[in-house]
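Secondary and tertiary structure notes
Residue-level listing of the chains:
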Amino acid sequence: MTATRLIFLGPPGAGKGTQAKQLAQVMSIPHISTGDILRQALSEQTPLGIQAQSYMDQGELVPDQLVQEMVEERLAQTDAKGGWLLDGFPRTVKQAEFLEHLLHTKGENEEKVINLDVPDDVVVERLIARGRKDDTEEVIRRRLQVYRQETAPLIDYYKQKGQLLSVNGNQSPEVVTEELHRLINS
Ligand code: AMP
């Protein structure tokens, strides 16, 4: 059986986490969310969590080096041998290059990249409605800015490599799920 390796891209508030979790479950691959791993580290106050905290609190990206080490370690675990779904990583072109290199050295480089496409005004609305602890208006605004500057360029990056699949995320969650399944199985 060939391993399924998926990367989920999309702005904060696109419904990425929910869809990613569900799809990973259906496909029996681990859902690897760097945001979840970092929040867990933060709640346990591990050295990683302590280092990441101020960045996360301000809606900034945690430095590439820290996140990259964390992802490398996670992808080396046994349950990731048969594939995985990465949610929230890569977030910068540097991270994407790191991942490409890492997978290349392992002889694993046919991942698909799914972009959940959602217009800006919808994203802001959803983020405010979600009201997570770190979702103050200022932090939301900063996270969106960081997304546009650092992460959105990955859409073109993967498009040029012919790896990008796009899904309209501005539909009901059920329809998005259906489209995702169709896309993965085609
Ligand atoms: P998320 O749950 O994916 O929105 O991530 C929450 C926060 O964790 C982000 O605002 C960043 O501060 C940090 N974070 C998660 N993934 C990454 C990443 N790949 N690179 C840098 N920072 C990250």
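Please refer to the structure higher up on the page.
A few points on the structure.

Cut-off values and rules
- Position labels on residues start from 1 in each chain and follow its written sequence.
- In keeping with the predicted nature of the model, local features appear solely for residues at pLDDT of at least 70, side-chain atom pairs appear and are counted solely at 80 or more, and the whole-chain, interface and lining totals rest on all residues.
- The basis for every side-chain value is the complete set of non-hydrogen atoms in the structure, without hydrogens or water.
- The nonpolar core is taken to be a set of buried Ala, Val, Leu, Ile, Met, Phe, Trp, Tyr and Cys residues, with the residues joined through side-chain atoms within 4.5 Å.
- Only protein chains enter the accessibility calculation, which uses a 1.4 Å probe; a residue whose area is less than 20% of its type maximum is buried, one above 50% is exposed, and one in between is partly exposed.
- Secondary structure follows DSSP: runs of H or I at least 4 residues long count as helices, runs of E at least 2 residues long count as strands, and numbering of each begins at the N terminus.
- Contacts are residue-level and defined by heavy atoms, with any inter-residue pair within 4.5 Å sufficient.
- In what follows, salt bridge is the name for a side-chain nitrogen of Lys or Arg lying within 4 Å of a carboxyl oxygen of Asp or Glu.
- Nearness is defined per residue: one heavy atom within 4 Å of the molecule or strand is enough.
- Polar contact criterion, stated in full: a pair of N or O atoms within 3.5 Å, where within protein one must be able to donate a hydrogen and the other to accept it, and residues adjacent in sequence count only if both atoms are side-chain atoms.
- Per-residue and other accessible areas follow the Shrake-Rupley method at a 1.4 Å probe size, with only the shown protein chains counted as cover for residues.
- Any residue outside Ala, Val, Leu, Ile, Met, Phe, Trp, Tyr, Cys, Pro, Asp, Glu, Lys and Arg is labelled polar, Gly included; the first ten of those are nonpolar and the last four are charged.
- Cavity: a set of points on a 1 Å grid over the protein atoms alone where a 1.4 Å probe fits but cannot get out. Pocket: an open set with protein on both sides within 12 Å along at least five of seven lines, its lining residues, like those of a cavity, having an atom within 4 Å of a point.
- Grid points are joined across faces, edges and corners, and a volume is the space filled by probe spheres set on the points.

Ranked by internal contacts, the top residues of the largest apolar core, which has 28 residues, are Trp-84 and Tyr-158. Among the elements that take part in this core, helix α4 (residues 64-75) stands out by supplying 5 residues, more than any other. Filtering out sequence-adjacent residues up to four positions away, Tyr-158 remains in contact with Ile-7, Leu-9, Pro-90, Ala-96, Val-113, Gln-163 and Leu-164. Counting 20 residues, the second largest nonpolar core, distinct from the first, contains Phe-8, Ile-140, Leu-144 and Leu-180.

So, on to the pattern of salt bridges. Oppositely charged side chains may form a pair once their charged atoms are brought near each other. The final tally for this structure, using the stated rule, is 8 salt bridges. Ionic pairing is found between Lys-16 and Asp-87, a salt bridge with its closest N-O pair at 3.2 Å. With a gap of 71 residues between them, Lys-16 in helix α1 (residues 16-27) and Asp-87 in strand β3 (residues 83-87) connect regions that are remote in the sequence. Residue Lys-16 is classed as buried on the basis of its relative accessible area, which comes to 13%. For Asp-87, a relative accessible area of 5% puts it in the buried group.

Looking at the ligand, there are 14 residues lining it, with Thr-34, Arg-39, Glu-60, Gly-88 and Gln-95 nearest. Here Val-62 contributes a backbone N or O atom positioned 3.0 Å from a nitrogen atom of the ligand. About the coverage of the ligand: the protein hides 94% of its 480 Å² of free accessible area. A per-class count over the shell around the ligand returns 6 nonpolar, 4 polar and 4 charged.

Turning next to the layout of surface pockets. Looking at the second largest pocket, its volume works out to about 180 Å³. Lining the second largest pocket we find Ile-37, Ala-41, Leu-48, Gln-51, Leu-66, Glu-69, Met-70, Glu-73, Arg-74 and Gln-77. For the lining of the second largest pocket, the elements supplying multiple residues, two or more each, are α2 (34-44), α3 (47-57) and α4. For the lining of the second largest pocket, the leading source of residues is α4, giving 5 residues. Of the residues in the lining of the second largest pocket, the class split is 5 nonpolar, 2 polar and 3 charged.

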